[in-house]
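Analysis of the macromolecular model
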Amino acid sequence: GSIKIGISACLLGQPVRFNGGHKESRLCSDILSRHFEFVPLCPELAIGLGAPREPIRLVGNPTNPRALGSVNRTLDVTGALDDYGRETAERLDDVCGFILMQKSPSCGMERVKVYQENGVPSEGGGRGIFAAALMRARSELPVEEDGRLNDPVLRENFLTRVFAYAEWQRLL
Ligand code: SF4
C-alpha cells in the first residue's frame, strides 16, 4: 500500500484553527497527497477544544514551556497535549513521517514563540507541546514543518528519510 504520513489537519484545508480557519498547503494537499496517504489530526481539537477557540500560547522556560490560554491563564492544556502526543506516537505506529504546521504552540517543530512572564517572547523560541511529545516518543521518525518543505533541498531530504524509514520498517 501507499506510504502513510501524519499531518497537521489545518495544512489539508480542514477548518480546525483557533479562528475557525485553516492553513492549506498546496504542496501538501495537491502534490504530496498524490504520493502519500495522509493521516490528518488536530491536537487542539482532539483534546476537546473547539474551533473557533481562544488561542493557546507557550509560556515559561523555552526548553520546557507550558501551553496556556492566551487570555484565560488558568486554562492549562500542557498535560493534555503531551498525553495526546504520546498516544499518537503509539497509535500511528504505521506512519513513516510527520508534517507539522509551523509556529503553532501545539504542532510547531521549532522557533515557536514562548512568552516570558512579562509577556515578552524569549529569543529563539521553542517547540510545540504535541510536536515535542511525538518527537520524544518516536525519535527516529522523519518530521518536518510545512514552511521548510517549500525549500527543494529540505523537501528532498525529508522525502529521502521517509522512504528510508518505510524500507527499514518493512525489513524489521
Ligand atoms: Fe490544529 Fe495543529 Fe493546525 Fe493548530 S497547528 S489548528 S493544533 S493541526
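Preceding this paragraph is the structure being described.
This write-up is about the structure you can find in this document.

Rules of the game
- Residues numbered from 1 in each chain as written.
- Predicted model: local features only at pLDDT ≥ 70, side-chain atom pairs only at ≥ 80, totals over all residues.
- Helix = DSSP H or I, 4+ residues; strand = E, 2+ residues; numbered from the N terminus.
- Rg over C-alpha atoms; globule rule 2.2 N^0.38 Å.
- Buried ≥ 20, exposed ≤ 12 C-beta atoms within 10 Å, placed from the backbone.
- Contact = placed C-beta atoms within 7 Å.
- Pairing = 2+ DSSP bridges.
- Axes fitted to C-alpha atoms, helices over the stretch in contact; angles between N-to-C directions.
- Near = placed C-beta within 6 Å.
- Nonpolar A, V, L, I, M, F, W, Y, C, P; charged D, E, K, R; others polar.
- Core = buried A, V, L, I, M, F, W, Y, C linked by C-beta atoms within 7 Å.
- Left-handed = near helix turned anticlockwise from the far one by under 90°.

Turning next to the overall build of the protein chain. For the protein chain, the helix and strand inventory stands at six helices and seven strands. Beginning at the N terminus, the succession of helices and strands in the protein chain can be written as β-α-β-α-β-β-α-β-β-α-β-α-α. In terms of C-alpha radius of gyration, the protein chain reaches 16 Å, essentially the compact-globule figure of 16 Å for 172 residues. Structurally, the protein chain occupies a C-alpha span of about 50 × 30 × 30 Å along its principal axes. A buried classification covers 37% of the 172 residues belonging to the protein chain. The contacts in the protein chain between residues at least 6 apart in sequence include a share of 62% that link residues at least 24 apart.

Pairing is parallel in the open sheet, where four strands are placed in the order S2-S1-S5-S7. Where the open sheet ends on each side, the last strands, each with one partner, are strand S2 (37–41) and strand S7 (143–145). Strand-to-strand twist in this sheet, taken as the mean axis angle between neighbours without regard to direction, amounts to 25°. Sheet topology note: the strand S5 (residues 95–100)/S7 ladder contains three bridges and is parallel.

Strand order in the open sheet formed by three strands is S4-S3-S6, with mixed pairing between adjacent strands. The open sheet terminates on both sides in strands that have one partner only, identified here as strand S4 (66–69) and strand S6 (114–115).

As a further point, take the site of the ligand. All residues adjacent to the ligand are Ser8, Ala9, Cys10, Val16, Arg17, Cys42, Pro43, Glu44, Met101, Ser104, Ser106 and Cys107. Residue composition of the shell around the ligand, grouped by class: seven nonpolar, three polar and two charged.

On to the environment of Pro43. Within the secondary structure layout, Pro43 lies in helix H2 (residues 43–46). Placed 39 residues apart in sequence, Pro43 and Asp82 show a C-alpha to C-alpha distance of 9.6 Å. Contact partners of Pro43, with chain neighbours within four places excluded, come to Leu81, Tyr84, Ser106, Cys107 and Phe130.

Now for helix H4 (residues 129–137). Inspection of H4 places Ile129, Phe130, Ala131, Ala132, Ala133 and Leu134 among the buried residues, and these make up the whole buried set. Against H2, S4, helix H3 (78–91) and S5 lie the buried residues of H4.

Moving on, we get to the nonpolar core. Counting residues in hydrophobic clusters, the biggest one holds 38 residues, and the most contacted among them are Ile5, Ala67, Ile99, Leu100, Phe130 and Ala131. When contributions to this core are tallied by element, the ones reaching two or more residues are strand S1 (4–8), strand S3 (56–59), S4, H3, S5, H4 and helix H6 (152–171). Considering each element in turn, this core owes the most residues, six residues, to H4. Excluding its chain neighbours within four sequence positions, the residues that come into contact with Phe130 are Pro43, Leu81, Tyr84, Gly85, Ser106 and Cys107.

Before going further, it helps to examine the environment of Ile56. In this structure, Ile56 sits in strand S3. Note on Ile56: 24 C-beta atoms within 10 Å, which makes it buried. Placed 38 residues apart in sequence, Ile56 and Phe18 show a C-alpha to C-alpha distance of 8.3 Å. Sequence-distant contacts of Ile56, that is, excluding residues within four places in its chain, are made with Glu44, Ala67, Leu68, Gly69, Ser70, Val77, Pro105 and Ser106.

H4 packs onto H3 with a crossing angle of 35° between their chain directions and a minimal axis gap of 7 Å. Here the hand of the crossing between H3 and H4 comes out right-handed. Contacts between H3 and H4 involve Thr78, Leu81, Asp82, Tyr84, Gly85, Arg86, Thr88 and Ala89 from the first element and Ile129, Phe130, Ala132, Ala133, Leu134 and Ala137 from the second. Split into classes, the residues belonging to the contact of H3 with H4 amount to nine nonpolar, three polar and two charged.

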